[in-house]
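Each chain is listed here by its residues.
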Amino acid sequence: MYYVIQRHHGDQKKHYLAYTVPRCISSENSQNVIFEFRHEGVVKRKWASKEEIILLTDNEALFKETLEKLEALKHSHLEKIDAAQTQLNHEISSLLNAMQSEFETIKNNT
């Protein structure tokens, strides 16, 4: 069994994917790794760029240790991001309320 941590793009809060595959194929001449697995008895293959692979190992302990470090790092930063987002939402709401109040004052004075 091989353990894989791969970069994930497109979601700012999810930077990597972690998964296991029974077989992988790689060569020095290729820029890709082919992951091979069985789904409903059929062999499926998924290609991934070597540049996107953070960790590819058959060492389960190393995989788990690395994944725990990444999860702790992500959790720490996501807590800060969520707090900042809450504060930002509060500030936006305050701005909208202040503007609405000012609009009403202007409207009533004209």
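**Some words on the pattern of salt bridges**
Under the counting rule described, the total for this entry stands at five salt bridges. The salt bridge partner of R45 is E36, with a shortest N-O separation of 2.7 Å. For E36, a relative accessible area of 11% puts it in the buried group. E65 is the salt-bridge partner of K69, the closest N and O atoms lying 3.6 Å from each other. Separated by four residues within a single helix, K69 and E65 lie in helix α1 (residues 60-109), roughly one turn from each other.

**A closer look at the sheet that holds strand β6 (residues 53-57)**
Within the open sheet, the three strands sit side by side as β2-β1-β6. Their pairing is antiparallel. In this open sheet, the two strands that pair with only one neighbour each are β2 (16-21) and β6. The mean angle between the axes of side-by-side strands here comes to 10°, regardless of whether they run parallel or antiparallel. Across six bridges, strand β1 (residues 2-7) lies against β2 in antiparallel orientation. Residue Y2 lies in a different strand from β2, and its bridge partner there is V21.

**With respect to the nonpolar core**
Residues V4, V21, C24, V33, F35, A48 and I53 constitute the largest nonpolar core, which totals seven residues. If near-sequence neighbours (up to four positions away) are discounted, C24 is found in contact with Y2, V33, I34, F35 and L56. Grouped together as the second largest cluster of nonpolar side chains are five residues, Y3, I5, Y16 and L55 included.

**Focus on the layout of surface pockets**
The space that makes up the largest pocket amounts to roughly 170 Å³. Lining the largest pocket we find Q12, K13, H15, Y16, L70, L73, K74, H77, L78 and I81. At six residues, the largest contribution of residues to the lining of the largest pocket is made by α1.

**Notes on the packing of aromatic side chains**
Scanning the entire structure with this criterion turns up two aromatic pairs. With 5.1 Å between their ring centres and 35° between their planes, Y3 and F63 make a pair best called tilted. Note that Y3 is positioned in strand β1 and F63 in helix α1, a separation of 60 residues in sequence. Both residues of the pair, Y3 and F63, belong to the buried class. Here the aromatic rings of Y19 and F35 are separated by 5.7 Å at their centres, their planes lie at 85°, and the arrangement is edge-to-face.

Calculation notes
Position numbers for residues start from 1 in each chain and track the written sequence from start to end. Local features in a predicted model are, by the rule used here, given only for residues with pLDDT of at least 70; side-chain atom pairs are given and counted only at 80 or more, and totals for whole chains, interfaces and linings are based on all residues. The basis for every side-chain value is the complete set of non-hydrogen atoms in the structure, without hydrogens or water. Any Lys or Arg side-chain nitrogen found within 4 Å of a carboxyl oxygen on Asp or Glu counts as a salt bridge. Remark: exposure states derive from per-residue accessible area (1.4 Å probe, protein chains only) relative to the maximum for the residue type, with buried under 20%, exposed over 50%, and partly exposed in between. Only DSSP runs of H or I reaching four residues or more are called helices, and only runs of E reaching two or more are called strands; each is numbered from the N terminus. A pair of strands is labelled paired if DSSP reports no fewer than 2 bridges between them. For helices, the fitted line uses only the C-alpha atoms of the stretch in contact; every axis is such a line through C-alpha atoms, and the angle between N-to-C directions lies from 0 to 180 degrees. We call a set of buried Ala, Val, Leu, Ile, Met, Phe, Trp, Tyr and Cys residues a nonpolar core when their side-chain atoms join them within 4.5 Å. In what follows, residue pairs with any heavy atoms lying within 4.5 Å of each other are defined as contacts. A cavity here means a set of 1 Å grid points, computed over protein atoms only, where a 1.4 Å probe fits but cannot escape. A pocket is an open set with protein on both sides within 12 Å along at least 5 of 7 lines, and lining residues have an atom within 4 Å of a point. Grid points are joined across faces, edges and corners, and a volume is the space filled by probe spheres set on the points. Between rings of Phe, Tyr and Trp, where Trp is taken as its six-membered ring, a pair exists when centres lie within 6.5 Å; planes separated by under 30 degrees are stacked, by over 60 edge-to-face, and by other angles tilted.

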